[in-house]
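Single-letter residue listing:
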Amino acid sequence: MIKKVKKQLRATGRRKQSVARLILIEGTGKFTVNGKSLQAYFGENTLWYNHAIEPISLLAMQNMFDAQILVHGGGISGQSGAVSLAFARALDLYASGNGALAALEKHDDVENEDALTSVVSWRSKLKKSGLLTRDSRVVLRKRVGLVKARKAKQFSKR
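Residues numbered from 1 in each chain as written. Predicted model: local features only at pLDDT ≥ 70, side-chain atom pairs only at ≥ 80, totals over all residues. Heavy atoms only, no water.

### Focus: unusual backbone geometry
For clarity, the threshold we go by: Under the DSSP-based scheme used, a helix requires at least four consecutive residues in state H or I and a strand at least two consecutive residues in state E, with every element numbered from the N terminus.
The phi dihedral of Lys-16 is positive, around 55°, even though this residue is not glycine. Within the fold, Lys-16 resides in the loop between β2 (8–15) and β3 (18–26).

### Topic: the nonpolar core
Where a protein is soluble and globular, its nonpolar side chains tend to be buried together. Keep this limit in mind: What is meant by a nonpolar core is a set of buried Ala, Val, Leu, Ile, Met, Phe, Trp, Tyr and Cys residues, joined one to another through side-chain atoms within 4.5 Å. Buried, partly exposed and exposed residues are distinguished by accessible area as a fraction of the type maximum, computed with a 1.4 Å probe on protein chains only: under 20%, between the cut-offs, and over 50%, respectively. The contact rule is simple, with two residues in contact once any of their heavy atoms fall within 4.5 Å.
Ranked by internal contacts, the top residues of the largest apolar core, which has 33 residues, are Leu-24, Ile-69 and Phe-87. Elements supplying a minimum of two residues to this core: β2, β3, β4 (31–33), α1 (38–42), α2 (47–52), β6 (65–72), α4 (76–96) and α7 (122–128). Among residues more than four places away in sequence, those in contact with Ile-69 are Ala-20, Arg-21, Leu-22, Thr-32, Val-33, Asn-34, Leu-38, Val-83 and Phe-87.

### Some details on the pairing of β2
Two faces make up the sheet, and in a regular strand the side chains alternate between them. This is how it is decided: At least two bridges found by DSSP between two strands is the condition for calling them paired.
Where β2 meets β3, eight bridges bridge the pair, whose relative direction is antiparallel. Counted as the bridge partner of Arg-10 is Ile-23 from β3. Hairpin remark: β2 followed by β3, antiparallel, with two residues in the connecting loop; positive phi at Lys-16, about 55°.

### Description of the environment of Ala-86
If you trace the backbone, Ala-86 turns up in helix α4. Residues Ala-86 and Arg-14 lie 72 residues apart in sequence; the distance between their C-alpha atoms is 7.8 Å. If near-sequence neighbours (up to four positions away) are discounted, Ala-86 is found in contact with Ala-11, Thr-12, Gly-13, Ala-20 and Leu-22.

### Describing the pairing of β3
Where β3 lies against β6, eight bridges are found, and the strand directions are antiparallel. Across the sheet, residue Ala-20 finds its bridge partner in β6, namely Val-71.

### Focus on the pattern of salt bridges
Note the following rule: Any Lys or Arg side-chain nitrogen located within 4 Å of an Asp or Glu carboxyl oxygen qualifies as a salt bridge.
The tally for this structure, following the rule as stated, stands at three salt bridges. Its salt-bridge partner being Asp-135, residue Arg-137 comes within 2.8 Å of it at the nearest N-O pair. Classification of Asp-135 as partly exposed rests on a relative accessible area of 25%.

Put into structure tokens, the structure is as follows:
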């Protein structure tokens, strides 16, 4: 579910049992998750932190946007995947909207010079990296008569 509201973009990302709701605003690179900074929530330079900001870092737009993220459900791995999908969807919506080039030209600190000419190619970059695809794998439920979801007790013929 993706909505566009005035000067802010809203996107939702899901992974396993986690749901992330993201509000993306043009700004200076301040990301908050459930009231904490992104580094404090996922840990500085951890696998989860890097996975969460992968769409933003792929396009080299860390200092161009502010984001407010609400995440609930699941564990930290699922939550980082949900945040990543929400970022990718919001950036895709931003690139497809009118005025994306004008907003990029306002920011002199954009690290990637090619970004000004290739806003349309954001979607292809995100798509090739697999960041716009929802990972639908979830944990199987435990079934009756089995030890776990698929593991059964050892069979004895005699």
